[in-house]
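Breakdown of the fold
Given next are the chains, with one letter for each unit.
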Amino acid sequence: MEYLNQLNKEQYKAVTTNSKRVLVASSAGSGKTKVLTTRIKYLLDNGVSPNEIIAFTFTKRAAKEMIYRLNNKFNNIYTFHSYSYKMLLNAKDELGFNKFDSIRIVTEEYELYILNEIINDLNIKYSPKSLMQFITKRKNNLEYKFKTTDEARIYNQVYYKFQEYMMQRGEIDFDDMISLFLNNIDNISFKDSILNQCKYILVDEFQDTNQIQYELLKKLSSKYNNLFCVGDINQLIYSFRSSDVRIINEFKDSADEIIYLNQNYRCASNILEKANNLIKHNHNLQSDIYSNINPKFKVIYHELPDTSYQAWEVASTIKRFIEKGNYKPNEIAVLFRNNYQSTEIEYELKRNNIPFIAYGKLKFFKIASTRRMIALYQFLDNPSDYILLLQALQIDDIFYDLIIKRIKSTNKSPLDIIIEMNISDISTKAQAIKELLTIISKYDRKQLFESLLEILFNNPTDKELEYLRALKDIMINSQLKTNKEILDNILLSDDEDINEMGVNLITIHRAKGLEFKCVFIISVNDKIIPQSLKNEDDIKEERRLLYVAMTRAKEYLYLSSAEYHIIHGMRKRLNPSIFVNELNWTGFCLFECFTKLCIFDRIVLEVIKNDNWNYIQQIEIVEI
Ligand code: ATP
Ligand code: MG
């Protein structure tokens, strides 16, 4: 077991411990994930069967990466959602889904249509959107502020009806997956074999576990009580999905052994120092973490005039790095607070012919048009399901009255009814839909797509087209056989495969656990990070978010703020983030003045940077 020699003393202790409930609590880059994967290897080498070990991570991508690190010899690594869904499918018949081939995962948009039906049935006047918000909160044990007691009563009534409706239709959403499995685990006939598979449970990113997930862990570990969790309270960034520091503290209190790792093997020492400067303002530094990695570059912060300038500067710096051979594109990441911020960077990278991958961009179910397309594909598998059709076609009231009422009052399939109908006297949209449905009835995946583009999306935007084409490619080229399998896979996957070639454009939330040699964090401005200054707890969470972002960097870290941003189509002036000063800059002022002098004349700055780049680097290094 030579691999054990690579570990430091504390890591070794964690990997080989015989304690049952173990918390490895330590800061970023200290080898928590490494310890977790090495422990799996160690357990396997000591005769534990792979069927007795299960590991949880936060994203499918992290799971894939861990499976890869374990040379594909072990693949019981799941997200809480994917595990619960798998178990629900195994127990489908026992749980009352026996009428269905499978359990269908549905999107929020679809649920809004269901809510519309319920609103009609109950004859109430509430907006489906606010009802949906309530239902989501209720499923996640979060508080919802009702305006009146009447509202509370009706919302709860709708909730039960909604769940009943979903159950009758063999459907669940993301919020149901874990709770449904958890609530039924005691009734599942093969519960024992589930628990036997959980002889050793290992959890990465434990700080972001929420209450329901923690309850699930308690249940799964109830037989053997072996629970090995690694986490860092300074990286808790999912409070909005109800992760809570009380959970890690509760586990800590019940742990047999707590191990702290205090050496960071990822970040150069100056990067770690800046990150530590920042996070100490949250007053809960877990341990003195240090790094022995010598800096190659100074940590850089630039105040820039606007976001397009920022995009230009980031892309030109990346270009220079690649041309000089400093970094390959896939060793570089650009991190941002919100998804929309990547657009300008994408544009500049494209202009410079630099390959990139925008993570989360292919989150199909986040885009309305692809959700409609998905609904349509689902409809093909379930041709009697007119709700899917409603969603796909975005059917308006007139059309609803003309067609859907007829569907409801006969036994015929929606498709047949519409195709048989003479609708020459109704709207052109309805005619177009009829045309579309005729194509659907013949069903050719390729032809269907092209017709859809014309009919459903009159004038698709470039972005819509990009998504829809990507979805089509998956539908046509997938190795999976049925539509259903392909769609479930799309809906369950939180990100795509790692692109081996491109610069990574990625939100900070999704960058958790990852590392890159070269990291750019853009728009470090107030109202962006932190998003608001109202609440001290929120500011702390945002500080942790910036800490996560900074600690992704191994060698080169660049932060920038931009004075002008376009937000909701309006040009807005934003201050640099309050966090910038917390990083403790020395010798920074001159460079700041220097940038500011040049700031209004892009060309001047460009000339200086291109012709005299070394000089600028020197100023930064000399720390005048
Ligand atoms: P995060 O909190 O960001 O998830 P982490 O604590 O999980 O970080 P890892 O990703 O496991 O940290 O490790 C960070 C880097 O340090 C990885 O590249 C890992 O291979 C390396 N590393 C960890 N421990 C050692 C060690 N003992 N010797 C050499 N490299 C190590
Ligand atoms: Mg990790």
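Residues numbered from 1 in each chain as written. Chains lettered and ligands numbered in written order. Predicted model: local features only at pLDDT ≥ 70, side-chain atom pairs only at ≥ 80, totals over all residues.

**Some words on the UniProt feature "binding site: ATP" (unreviewed entry) in the protein**
Annotation from UniProt places "binding site: ATP" (unreviewed entry) at Ser26, Ser27, Ala28, Gly29, Ser30, Gly31, Lys32 and Thr33. Tracing the sequence through the fold places Gly31 in the loop between strand S1 (21-25) and helix H2 (32-45). Ignoring any residue separated from it by four or fewer positions in sequence, one finds Gly31 in contact with Gln11, Leu261 and Tyr265. By the element assignment, Thr33 lies in helix H2. The buried category is assigned to Thr33, around which 20 C-beta atoms lie within 10 Å. For Thr33, the residues in contact, after removing those within four places along its chain, are Asp204 and Gly513. (UniProt positions renumbered as here; feature names shortened; annotations may be inferred. Helix = DSSP H or I, 4+ residues; strand = E, 2+ residues; numbered from the N terminus. Contact = placed C-beta atoms within 7 Å. Buried ≥ 20, exposed ≤ 12 C-beta atoms within 10 Å, placed from the backbone.)

**Side note on the site of ligand 1**
For ligand 1, the set of nearby residues contains 18 residues, the closest of which are Gly31, Lys32, Thr33, Lys34 and Tyr265. Ranked by residue count, the leading element in the shell around ligand 1 is H2, at three residues. Mapped onto the domain boundaries, the shell around ligand 1 takes at least three residues apiece from domain 1 (2-86 + 189-265) and domain 3 (290-363 + 499-599). (Near = placed C-beta within 6 Å. Domains from an automatic or database assignment.)

**Comments concerning the pairing of strand S17 (residues 570-573)**
Relative to S17, strand S16 (residues 553-567) is paired through four bridges, and the arrangement is antiparallel. Along S17, the bridge assignment pairs Tyr564 with Arg573. Counted between consecutive antiparallel strands, the loop separating S16 from S17 contains two residues, among which His568 sits at a positive phi close to 50°. (Pairing = 2+ DSSP bridges.)

**As for the sheet that holds strand S8 (residues 257-259)**
Taken in spatial order, the six strands line up as S3-S2-S6-S7-S1-S8 in an open sheet, and their pairing is parallel. For this open sheet the edge positions go to strand S3 (77-78) and S8, each flanked by a neighbour on one side alone. Pairing of S1 with S8, which is carried by three bridges, proceeds in the parallel orientation. Its bridge partner being in S8, Leu23 is matched across the sheet by Ile258.

**Focus on helix H11 (residues 211-220)**
Taken together, the buried positions of H11 are occupied by Ile212, Gln213, Tyr214, Leu216, Leu217 and Leu220. Contact partners of the buried residues in H11: helix H4 (80-90), helix H9 (174-184), helix H10 (191-196), strand S6 (200-203), strand S7 (227-231) and helix H12 (245-254).

**Points about the environment of Ile318**
Residue placement: Ile318 occurs in helix H14 (residues 307-324). Distance from Ile318 to Leu349, taken between C-alpha atoms, is 8.7 Å for residues 31 residues apart in sequence. Apart from the residues within four sequence positions on either side, Ile318 is in contact with Ile332, Ile354 and Val503.

**Description of the confidence of the model for the protein**
For the protein, the average pLDDT comes to 82, and 78% of its residues sit at 70 or higher. Of all secondary-structure elements in the protein, the lowest mean pLDDT belongs to helix H29 (residues 613-622), at 37, while S6 reaches the highest, 98. Contacts of residues 588-624 to residues separated by more than four positions or lying in other chains number 24 contacts, the stretch itself having pLDDT below 50. (pLDDT = per-residue confidence, 0-100.)

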